[in-house]
Structures are given as structure tokens and as C-alpha cells.
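# A closer look at the structure
One letter stands for each residue in the lines below.
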Amino acid sequence: MRDYSDQIANRDPDRDVEITDIKTCVVEGNFEWNLIKVETDAGVTGIGESYRGGGVPELVEYTKRFLLGENPLDVERLSRYIFQEMSGHGGTTGKVVTAASGIEVALWDAAGKLLDLPVYQLLGSKYRDEVRLYCDCHAGEAYAVEDGATAYAEAEAYSPEAYAAEAARVTDMGFTALKFDLDLPADNEPDPYNGRLTNAAIEEKREIVEAVRDEIGYDVDLAFDCHWDYSVESAKRLAHELEEYKLMWLEDLVPPENMDAQKEVTKATRTPVATGENRFRVFELSELVYDHGVDIITPDPTTVGGLAETIRVADRAEENYMPMSPHNVCSPVGTMACVHLGAATPNFDLLEYHALEVDWWDDMLARDEPLIQDGYIEVPEEPGLGIELDESVVEEHRLDGTTGF
């Protein structure tokens, strides 16, 4: 391993701080949320979050071999340090970058607390005082709103009526932008492997979109996610069929590996196309942006390499007059990291909120009011991310079989 300490030994004593430990805790929400703590000898602890799923705690543990003793204020240098030292572990992509992303967020939080500044200020600027959310909704179990109370609807799961009922419920909460999944069980007929949609499957999707539009009108922004399921020709047929409904975007229409296929779909339709959540670092997103293979870029800051790396993606998108709407399926920790990113990024559009069914989501933070107010989150002015965990709630929902903080 390379030792950088002799190159950066000079530091003002007030900022001569060392990382003393890095810990992880997996919280079982609607996903497995990978929370990260970076502890320092100044008594300051930073919290962060990596993208959901397995493997992250083990990789974070490995980074302690070379990050302990480093200065947490060197956020971007330490991110590059992780990529370099773990390059033989796939450090330029995949789970290593995911683990590094959560550490990077925790470092920003620690740095903000040490310097008494909010993270958005450390990232460079403030463009907005609040961040607008779009709510990721699901109609597999439909709801209806009756006299202000929420009740199960009798509509068949995945039916147009179920989608419309859920759209009405969520807009009544104050959200002005929604997203639904549009990949359905019928997509697997008659063949579950070739990615080709039948005319009947496309018509089923069109009826769902039409039902939601009829329910909420055109003043509410509306997007649909397809989860990389379709062949190029089916993606183009579907996007063309939905043009009249003026969608905010169609997301992840084709598998992510082939850039040329993505460009072909995007340029074949007037329906805006979004993708980007499962690409790592700016190098895997630059071609997509520069060649206008996408209309809205959707990197996940807890996957792509962290907040600074997401800003690099956003910078390239801004050069091409392209908005960025970060993918986000995080707990309140990763969500608040994205809020600071949204405050600091000029071409930021909306942030995903994907925890509507987790009724204890807000309880994870030691605060009195819900984070989300009428579909927005206010950008905090407190140092760091501006939040503190309620450790008892974190422990209550810790994933079975894991040790936690």
C-alpha cells in the first residue's frame, strides 16, 4: 500500500484530526440499508449510507486497514485512496465503489461537524432552500382514500384502478410528482427471457398510464420505471405508445450494458428517457451524457462514488443542458445526503423518495417533525448533514444476524 502521510503532514493543529474507527450497521427497512459511522479522535462522528444489499459491511471493514489514522477532512482524497487501494478487488466499479460511497458521505458529515458548516456549503454552493421529491409508489396492494382515512381498495392488484387509487392517495399527501413501476407479471408471457412485449402487454401498460393521468391530471409530474426489462424494439414501441401522456420520464427501458442500445431508444421517442442508477463513477456515465443517450440522468450517490462523484456527473450533464434526478432508495441518512447534493447542484431536478410503506422511517432521526413536508425536504443549516440518528430505533430494526454499531 502507498503511504501518503509524509506528503500531507503539514496541517493547522485545529484541523489535525484522525479517523479512529469505521463501523457499519444494516437496518432492515423496505430494503437493507447499509449505515456507516466514521469516528474520530476529536470526538466527532460522521454518519453515511451505502446502497442497499449484501457485501458492503465486509468491504467497509477492509478499508480500516488503510483509512485509520487518516484525516477525515480529506474527503475526496480518501475516496480516491479507497478506489486505488482496492482496485484489485474491482475498485473501479461495483460493490467497492458502493462501500466507498457510504464512507464518503460519512466523511462529509464529519467534516461539516468539524468545520461547523453544512455539507452543501462544503460541496460549493447553495442553489435552493428545499428539495422537491417524487414519490415512488406501488400498486400491488392498492389503497383508497375515504373521508381522509386510508383503507385497502378492492381493486385488483396491478389493475389500472389500483394504480389510480394509489396515485390519488399519494397526491393527497402533498406530493406533486410520482413514479410507478410499469414492469408487470404479464411481461413474461409468452416468453420470460427475450424481453419482447406483446401488443396486449403494451396495451395493459397504456391503460395503467391513462388511468393514472385521468386521476391526477397533468399538473402532477408522472414517471414510470421498467427496470431494464425490454428489447430495443419493445422499448421503442412502448415509449411511442405513451407519448400522448406527457410523462416526466420512462426509466430503465433496456438492459444497462449496451450504450448504443440505450441511445437508440432515447432518440426514437418524444417521451423523455431516464437511466443511470446502476453505473459506477463518472467514467461509466460520461458517454451516456455526452452522446445524449439519455434525457434525464439518474445516478445514485450511494452507488456511483459519493456526493463529489455525483457532482462530477452533474457537471457533465450541465454542459449538455441535461437535468439530474438522483436515484434514492435510502433511509433518512442517505436521503439527507442527497438533499445537500440537491442544494449544491444547479441542474438538480427532483429526488426520489422510496420508503412510503416504512411507517418508522422518520423515527430513525432524533427530531420532532417529519423530514418531508408537502413533498419537499428543507435543506438543513446545521453542521454536517444536519441530522442525528436515534440509536434505539436503529437497533430495533437492525437486520437479524448482524452486529450493528
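Residues numbered from 1 in each chain as written. Predicted model: local features only at pLDDT ≥ 70, side-chain atom pairs only at ≥ 80, totals over all residues. Heavy atoms only, no water.

## Things to note about the overall build of the chain
Note the cut-off: In this description a helix means any DSSP run of H or I spanning at least four residues, a strand means any run of E spanning at least two, and both kinds are numbered starting from the N terminus. Note on method: radius of gyration uses C-alpha positions; expected globular size equals 2.2 Å times residues raised to 0.38. Burial classification: accessible surface area is computed with a 1.4 Å probe over protein chains only, and a residue below 20% of its type maximum counts as buried, one above 50% as exposed, and the rest as partly exposed. Contacts: residue pairs with any heavy atoms within 4.5 Å of one another. For the area figures, the Shrake-Rupley method with a 1.4 Å probe applies, and any residue is considered shielded solely by the protein chains shown. Here the positive residues are Lys and Arg and the negative ones are Asp and Glu; neither His nor the chain ends is included. In plain terms, the charge of a residue is placed at NZ if it is Lys, CZ if Arg, CG if Asp and CD if Glu.
Counting its secondary structure elements, the chain contains 13 helices and 14 strands. Expected size for 405 residues packed as a compact globule is a radius of gyration near 22 Å; at 22 Å, the chain falls within 12% of this value. When the backbone C-alpha atoms are referred to their principal axes, the chain occupies close to 65 × 50 × 40 Å. Out of the 405 residues in the chain, the part that is buried amounts to 57%. Summarising the internal contacts of the chain: among those between residues at least 6 apart in sequence, 72% fall at separations of at least 24. In the structure as shown, the chain presents an accessible area of about 16,900 Å², 43% of it carried by carbon and sulfur atoms. In the chain, the 33 positive side-chain charges and the 84 negative ones have mean positions that sit 7 Å from each other.

## A short note on the side chain of R206
With respect to the element layout, R206 can be found in helix α6 (residues 199-216). Ignoring anything within four residues of it in the chain, the contact list for R206 reads E241, L242 and Y245.

## Remarks on the sheet that holds strand β2 (residues 32-40)
Here is the rule we go by: A strand pair is defined by DSSP finding two or more bridges across the two strands. To get an axis, a line is fitted to the C-alpha atoms, and for a helix only the part in contact is used. The angle between two axes follows their N-to-C directions and goes from 0 to 180 degrees.
A sheet is described by the order of its strands in space; here three strands give the open sequence β1-β2-β3, paired in antiparallel fashion. Two strands lie at the open edges of the sheet, namely β1 (19-28) and β3 (45-50), each paired on one side alone. Mean inter-strand twist for the sheet, computed between neighbouring axes without regard to direction, equals 20 degrees. In this sheet, β2 lies alongside β1 in antiparallel orientation, the contact comprising nine bridges. Opposite I19, over in β2, you have T40 as the bridge partner. Sheet contacts for helix α3 (residues 94-115): β1, β2 and β3; angle to β3, the most-contacted strand, approximately 150 degrees.

## Some words on helix α1 (residues 56-67)
Note the following rule: To estimate the expected span of a helix, subtract one from its residue number and multiply by 1.5 Å.
Relative to the 16 Å expected for twelve residues at 1.5 Å per residue, α1 spans 16 Å between its end C-alpha atoms, a close match to the ideal helical length. Taken residue by residue, α1 has V56, L59, V60, T63, K64, F66 and L67 as its buried positions. At its buried positions, α1 is contacted by β1, β2, β3, α2 (75-85) and α3. At the exit of α1 stands G69, carrying a positive phi of roughly 95 degrees.

## Re the packing of helix α7 (residues 232-241) against helix α8 (residues 259-266)
In plain terms, the rule: Small angles under 35 degrees read as roughly parallel and large ones over 145 as roughly antiparallel, with 65 to 115 read as roughly perpendicular and the rest as oblique. Should the near helix be turned anticlockwise from the far one by less than a right angle, the crossing is termed left-handed; should it be turned clockwise, right-handed.
It is at 9 Å that the axes of α7 and α8 come closest, and there the two elements cross at 25 degrees. Between α7 and α8, the interaxial angle falls into the category roughly parallel. Between α7 and α8 lies a crossing of right-handed hand. Within the contact between the two elements, α7 uses V232, A235 and K236 and α8 uses A261, E264 and V265.

## Some thoughts on α6
Between the first and last C-alpha of α6 there are 26 Å, a value that for 18 residues agrees with the 26 Å anticipated at 1.5 Å per step. Among the residues making up α6, those that are buried are A201, I202, K205, R206, I208, V209, A211, V212, R213 and I216. Where α6 ends, the next residue or the one after it, G217, has phi of about 75 degrees, a positive value.

## Overview of a negative patch on the surface
Our working rule: Nonpolar side chains (Val, Leu, Ile, Met, Phe, Trp, Tyr) within 5 Å and like charges within 9 Å form the patches, drawn only from residues with over 30% relative accessible area and no salt bridge. Think of a salt bridge as a Lys or Arg side-chain nitrogen and an Asp or Glu carboxyl oxygen that are within 4 Å of each other.
On the surface, D12, D14, D16, E18 and D41 cluster together into a patch of negative charge. Residue placement: D12 occurs in the segment before β1.

## Re the pairing of strand β7 (residues 177-181)
Counted residue by residue, β7 has five buried out of five residues, so it is predominantly covered. Burial along β7 is two-sided: A177, K179 and D181 and L178 and F180, pointing in opposite directions, are all buried. Strand direction decides the pairing type here: strand β4 (residues 130-137) and β7, joined by three bridges, are parallel. For D136, the partnering residue across the bridge sits in β7 and is K179. As judged from the five bridges shared by β7 and strand β8 (residues 221-225), these two strands associate in the parallel manner. Bridging from a neighbouring strand, D181 pairs with D225 of β8.

## Some points on the nonpolar core
Heads up, the rule is: Take the buried residues of types Ala, Val, Leu, Ile, Met, Phe, Trp, Tyr and Cys, join any two whose side-chain atoms come within 4.5 Å, and each joined set is a nonpolar core.
Of all hydrophobic cores here, the largest spans 118 residues; its most connected members are L178, F180, F224, L250, L253, I297 and Y353. Among the elements that take part in this core, α3 stands out by supplying ten residues, more than any other. If near-sequence neighbours (up to four positions away) are discounted, F180 is found in contact with C137, H138, A139, Y163, E166, A167, V212, L222, A223, F224 and D225. In this structure, Y134, M248, A274 and I296 belong to the second largest nonpolar core, which totals eight residues.

## Quick look at the pattern of salt bridges
The final tally for this structure, using the stated rule, is 30 salt bridges. One salt bridge in this structure joins E39 and K23, with 3.1 Å as the shortest N-O distance. Remark: K23 occurs in strand β1 and E39 occurs in strand β2; sequence separation between them is 16 residues. Connected through shared salt-bridge partners, D136, K179, D225, E251 and E352 make up one network.

## A closer look at the packing of helix α5 (residues 160-171) against α6
Using the following cut-off: Following the grouping adopted for this structure description, the nonpolar residues are Ala, Val, Leu, Ile, Met, Phe, Trp, Tyr, Cys and Pro, the charged ones are Asp, Glu, Lys and Arg, and the polar ones are all others, Gly among them.
Contact pair α5 / α6: the axes reach a minimum separation of 8 Å and the direction vectors enclose 35 degrees. Considering only the axes of α5 and α6, their crossing is right-handed. Of α6, the residues touching α5 (which contributes P160, Y163, A164, A167, A168 and T171) are E207, I208, A211, V212, E215 and I216. Tallied by class, residues from the contact of α5 with α6 come to nine nonpolar, one polar and two charged.

## Some points on unusual backbone geometry
Residue E189 is joined to P190 through a cis peptide bond whose omega torsion reads -5 degrees. Residue placement: P190 occurs in the loop between β7 and α6. Positive phi, close to 55 degrees, is recorded for D374, a residue that is not glycine. Within the secondary structure, D374 is located in the loop between β13 (372-373) and β14 (376-378).

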